[in-house]
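# Observations on the model geometry
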Amino acid sequence: TAVDAIDGPVLVIAGPGTGKTQLLSMRVVKILETTDTSPQNILCLTFTNKAANNMRERLYELIGPTAYKVSVHTFHSFAADIMNKNPDFFWNGAQLSVVPDAIQLETIQDILGSLPLDNPLARRFAGELTGLRATKEALKLTKEAGLTPEKLRAIITLNLAYIDIAEPILIEHLSDSLSFKKLHSLAQSLEASLPEQSIDEHMAPLLSLRTVILESLEYAIAQDEPTGKTTNTGKWKKRFIQTVAGQKLMDDERRRNNWWLALSDVYAKYRDALHERGYYDYADMLVEVIVQLEKNDILRASVQEQYNYVLIDEFQDTNAAQLRLAHLVADHYSSAGRPNLMVVGDDDQSIYKFNGAELNNMLSFRSFYGVEKPIVLSENYRSSQDILDVAKLVAEQSTDRLVNREKDITKNLIATRTAEKASVIEHIQYPTEQ
């Protein structure tokens, strides 16, 4: 069961009312009960202060005052804790403040206003910059991906070089009209023809352009299979190949990457400008901690030795930077790529897409850590079966779900009386404060 699986990476798909917080709390108890791990060596991460408080309260109900020795944080409070305990690793010990929104916007506007007119971020209409909002949002997304200006520039440079290689291959394979009967052979042929692009391992959970091309094709084919048509595969083809002045090109992809390459320079200037004024962007907190953990062996070893087990609640709401941070903390060298990292979430409940939350996190967790079979919680202790049946019909209106991407996952909630849940809990013995 999910409670007993305490070693290695574990992915739990837990629908509404299935007891996610209870599961995580009971797993903490199980770790304390069956290993010599101390409470302070267990890290529980979640998305909001309210969720963190709920987890702490649930732990207190189970193990009493020992609950206050378990590290329970939001991702940002955990990052702040690392920074506060290790100030010399961050900005050479300088004390920076979070930048106010007005100064943030002013700084971005000044940088864009100083760019040459041929820069894609410097476009104007009636004398006003038209890319201000898009630039601010892109900077936010870049930080939520855990990228520094240098990393962003390196990835985009690799992408542009890869486009030059992939473009003639894609054009050759997609020169004819799509045929439903040949879609799977198309996917196999492309996978064999497109050369490797080795950034996945170093940038997890971010994906290389090659992986994006192949996985998006696979998903489009899966969507077309029930219809026997090529509707979604046709959309995929238009995404990657366009006809410009009679010539087939990866024009949109190349323009997109050139825009992000220009953004990497703006990002660097923006960060430097804030630092000169004694500020940092709130989203910088995660990025800075990730950078220092990656490049400082002493800091990384200290944090990894502190936490033997890492648990993440509401995993569907995490973004790439948050998953990268959890990976760096959990991936002790002794784990041999199989860290004690448990994540619990439900893709149908993702409410923070605006904050960079991705279904891709749940998909990439499974593939990156080689999770053979996710654990699916199906017993609902909150609602009647009628409500669950209606909720299922609503959720099925969304096409991009785990059950559509991963054919070995099924999500059918079954209403269970709360008393039955209580009876199970009563038979479990928990350690108490000595």
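Calculation criteria
- Residues numbered from 1 in each chain as written.
- Predicted model: local features only at pLDDT ≥ 70, side-chain atom pairs only at ≥ 80, totals over all residues.
- Heavy atoms only, no water.
- Helix = DSSP H or I, 4+ residues; strand = E, 2+ residues; numbered from the N terminus.
- Contact = heavy atoms within 4.5 Å.
- Areas by Shrake-Rupley, 256 points an atom, 1.4 Å probe, with all protein chains shown as cover.
- Buried < 20%, exposed > 50% of the residue type's maximum accessible area, 1.4 Å probe, protein only.
- Pairing = 2+ DSSP bridges.
- Phe/Tyr/Trp six-rings, centres within 6.5 Å; stacked < 30°, edge-to-face > 60°.
- Axes fitted to C-alpha atoms, helices over the stretch in contact; angles between N-to-C directions.
- Salt bridge = Lys/Arg side-chain N within 4 Å of Asp/Glu carboxyl O.
- Arc of directions from axis to C-beta.
- Parallel < 35°, antiparallel > 145°, perpendicular 65-115°, else oblique.
- Left-handed = near helix turned anticlockwise from the far one by under 90°.
- Nonpolar A, V, L, I, M, F, W, Y, C, P; charged D, E, K, R; others polar.
- Polar contact = N/O pair within 3.5 Å; in protein donor to acceptor, adjacent residues only side chain to side chain.
- Core = buried A, V, L, I, M, F, W, Y, C linked by side-chain atoms within 4.5 Å.

## Let's talk about the overall build of the protein chain
Secondary structure summary: the protein chain contains 18 helices and 14 strands in total. Taking the contacts inside the protein chain whose residues are at least 6 apart along the sequence as the reference set, 78% of them involve residues at least 24 apart. Looking at the protein chain as shown, the accessible area adds up to about 21500 Å², and 51% of this sits on carbon and sulfur atoms.

## Thoughts on the pairing of strand E1 (residues 10-14)
Taken across its five residues, E1 has five buried, putting it largely inside the fold. Judged by which residues are buried, E1 turns out to be covered on both faces: Val10, Val12 and Ala14 on one side and Leu11 and Ile13 on the other are all buried. Pairing of E1 with strand E11 (residues 341-345), which is carried by four bridges, proceeds in the parallel orientation. Note on E11: the bridge partner recorded for Val10 is Met342. Here E1 runs beside strand E12 (residues 375-377); their pairing, made up of three bridges, is parallel. Residue pairing in the sheet places Ile13 in a bridge with Val376 of E12.

## Some thoughts on the packing of aromatic side chains
As enumerated under the stated definition, the model contains eight aromatic pairs in all. Plain terms: the ring middles of Phe78 and Tyr307 are 5.7 Å apart, the flat faces sit at 75° to each other, and that makes the pair edge-to-face. In this pair, Phe78 sits in helix H3 (residues 75-85) while Tyr307 sits in the loop between helix H13 (297-306) and strand E10 (309-312), placing the two residues 229 residues apart along the sequence. With centroids separated by 5.0 Å and ring planes inclined at 80°, the aromatic side chains of Phe368 and Tyr369 adopt a geometry described as edge-to-face. On the basis of relative accessibility, which here comes to 37%, the residue Phe368 falls in the partly exposed class. What links up through ring pairs into an aromatic cluster is the set Phe315, Phe365, Phe368 and Tyr369.

## Overview of the sheet that holds E12
In space, the six strands of this open sheet follow the order E3-E2-E10-E11-E1-E12, with parallel pairing throughout. Two strands in the sheet have a free side with no partner beyond their single neighbour: strand E3 (71-74) and E12. The average angle at which neighbouring strand axes cross in this sheet is 20°, direction not considered.

## Thoughts on the pattern of salt bridges
If the charged atoms of two oppositely charged side chains come close together, the side chains can form a pair. One pass over the full model with this rule turns up 17 salt bridges. For Lys143, the salt bridge goes to Asp284, with nearest N and O atoms at 2.7 Å. With Lys143 in helix H5 (residues 132-144) and Asp284 in helix H12 (residues 284-295), the pair connects residues that are 141 residues apart, well separated along the chain. Comparing Lys143 with Asp284, the two get one shared label, buried.

## Some words on H13
Turning to H13, its buried residues number three or more, namely Leu299, Val303 and Gln304. All buried residues of H13 fall inside an arc of 125° around its axis, so they share one side. Opposite the packed face of H13, turned more than 90 degrees from it, sit the exposed residues Asp297 and Ile298.

## A word on the packing of helix H6 (residues 149-173) against helix H11 (residues 251-276)
The relative placement of two packed helices comes down to the angle between their axes together with the axis-to-axis distance. The interhelical angle for the contact between H6 and H11, taken along N-to-C directions, is 165°, at an axis separation of 9 Å. Here H6 is positioned roughly antiparallel relative to H11, judged by the angle of their axes. For the element pair H6 and H11, the recorded crossing hand is left-handed. Residue-level inspection shows Pro149, Glu150, Leu152, Arg153, Ile156, Thr157, Asn159, Leu160, Ile163, Asp164 and Glu167 of H6 in contact with H11, the latter providing Glu253, Arg254, Asn257, Asn258, Trp260, Leu261, Leu263, Ser264, Asp265, Tyr267, Ala268 and Arg271. In terms of residue class, the contact of H6 with H11 is made up of 10 nonpolar, five polar and eight charged.

## A word on the side chain of His73
Within the secondary structure, His73 is located in strand E3. At 3.1 Å, the side chain of His73 and the side chain of Ser77 are in polar contact. If sequence neighbours within four positions are ignored, His73 has contacts with Leu43, Cys44, Leu45, Thr46, Ala52, Phe78 and Asp81.

## Points about the side chain of Gln242
Relative to the assigned elements, Gln242 resides in strand E7 (residues 242-244). Among the residues examined, Gln242 registers a relative accessible area of 13% and is labelled buried. Polar side-chain contacts of Gln242 include one of 3.0 Å to the backbone nitrogen of Asp251.

## Structural notes on the environment of Asp297
Assignment of secondary structure puts Asp297 in helix H13. We classify Asp297 as exposed; its relative accessible area is 52%. Side-chain polar atoms of Asp297 contact the side chain of Arg300, separated by 2.7 Å.

## Some words on the nonpolar core
Among the nonpolar cores identified, the biggest contains 48 residues, and Leu112, Leu170, Leu190, Leu194 and Trp236 are the most heavily contacted of them. When residues of this core are traced back to their parent elements, those giving at least two are helix H4 (101-113), H5, H6, helix H7 (183-193), helix H9 (209-224), helix H10 (231-240), H11 and H12. Considering every element that reaches this core, the biggest residue donor is H6, with nine residues. Apart from residues lying up to four places away in sequence, Trp236 is in contact with Leu170, Leu174, Leu190, Ile213, Ser216, Leu217 and Ala220. Membership of the second largest hydrophobic core comes to 37 residues, among which are Trp91, Leu286, Val310 and Val343.

## Observations regarding unusual backbone geometry
Unusually for a residue other than glycine, Trp91 sits at a positive phi of about 55°. Examined against the element boundaries, Trp91 turns out to sit in the loop between H3 and strand E4 (97-98). Positive phi values are uncommon outside glycine, yet Ala336 reaches one of about 55°. Here Ala336 shows up in the loop between helix H14 (320-330) and E11. On the basis of relative accessibility, which here comes to 67%, the residue Ala336 falls in the exposed class.

Keep in mind these numbers describe shape, not what the thing actually does.
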